[in-house]
Amino acid sequence: MRKPLVAGNWKMNGTSASNQKLLENMLASAADFSGIDVAIFPPAVYLYQVKEALTGSGIKWGTQNVSSYLEGPYTGEISASMLPDFNAQYTLIGHSERRCLYDELDIDQLVLDKLVAEKYQRAAASGLTPIICIGETPQEHDQGKTEEVVLRLLDTLIAHQGAKALSRTVLAYEPVWAIGTGKSASPEWAQNVHQFMRERVAKDDPETAANLRILYGGSVKGNNAASLFSKSDIDGGLVGGASLIADEFIKICQAAAQQI
Ligand code: PGA
């Protein structure tokens, strides 16, 4: 049985004061999350605050992005090697909001997938668990290219690192049309894509595929989490907007805990 994971991506939101309130509310319900993994992803400037608040609670944390370089003249970037100083255990990689920024520069998607693979290697080398995000844009969705898009990333990752290396990672299927839109993918749609992803990994390494956690992200809320998480290949959620509202996020974590 794969242990569910609920990841809360705060994106570029919060102040020390609002974070503190949110963290205190989460801590008050932390006992409800036993048996599952919960991790939050604050803006990097608040990592120290999160570490101070959550140490010893069982709730984990990580960053929203990581550089593909180790150190050097890369203004504004964060190295994976810095994150153990904050006891961070996870990092998101390839979130669509990062990919979209690069898109503006017209970088080829395959090049972007290679960049994701490089970041993945960097994160894993620092002992972090990368959560690698992939999902189709609204245009790709309308053109029926969902499988092509997820396959391209998985093929790139496997060619770069081998399928076995995925045993130290988490995948997140995040259809871009569902992110921040309030329009979640249906549980059936998400299940089909997750199953397709797992089958692709199984072609190279059935054991890694069987143990691989695949999260769903895109408008996960308190009222749809349970039906999404009830699907056999959906192992939890990557939550954006709802992770900023304590009651909503706690409901989502409780829905994941009910699956075990
Ligand atoms: P959302 O964001 O839950 O606000 O749709 C999900 C994400 O971007 O990971």
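Residues numbered from 1 in each chain as written. Predicted model: local features only at pLDDT ≥ 70, side-chain atom pairs only at ≥ 80, totals over all residues. Heavy atoms only, no water.

A.B. asks: Looking at this structure, I do not really get the overall build of the chain. What am I missing?
C.D. replies: A count of helices and strands for the chain gives 10 helices and 8 strands. At 17 Å, the chain has a C-alpha radius of gyration in line with the 18 Å of a compact globule built from 260 residues. In terms of principal-axis extent, the alpha carbons of the chain reach across some 45 × 40 × 35 Å. The buried share of the chain, reckoned over its 260 residues, is 52%. Counting only contacts in the chain whose residues sit at least 6 apart along the sequence, the fraction spanning at least 24 positions is 73%. Taken as a whole, the chain presents about 11500 Å² of accessible surface, with 51% of it coming from carbon and sulfur. In the chain, the 23 positive side-chain charges and the 30 negative ones have mean positions that sit 3 Å from each other. (Helix = DSSP H or I, 4+ residues; strand = E, 2+ residues; numbered from the N terminus. Rg over C-alpha atoms; globule rule 2.2 N^0.38 Å. Buried < 20%, exposed > 50% of the residue type's maximum accessible area, 1.4 Å probe, protein only. Contact = heavy atoms within 4.5 Å. Areas by Shrake-Rupley, 256 points an atom, 1.4 Å probe, with all protein chains shown as cover. Lys, Arg positive; Asp, Glu negative; His and termini not counted. Charge placed at Lys NZ, Arg CZ, Asp CG, Glu CD.)

A.B. asks: I'm lost on unusual backbone geometry in this one. Help?
C.D. replies: For K11, which is not a glycine, the phi torsion comes out positive at approximately 55 degrees. Relative to the helices and strands, K11 resides in the loop between β1 (5–9) and α1 (16–28). Despite not being glycine, S219 shows a phi value in the positive range, around 60 degrees. Within the fold, S219 resides in the loop between β7 (213–217) and α9 (225–229).

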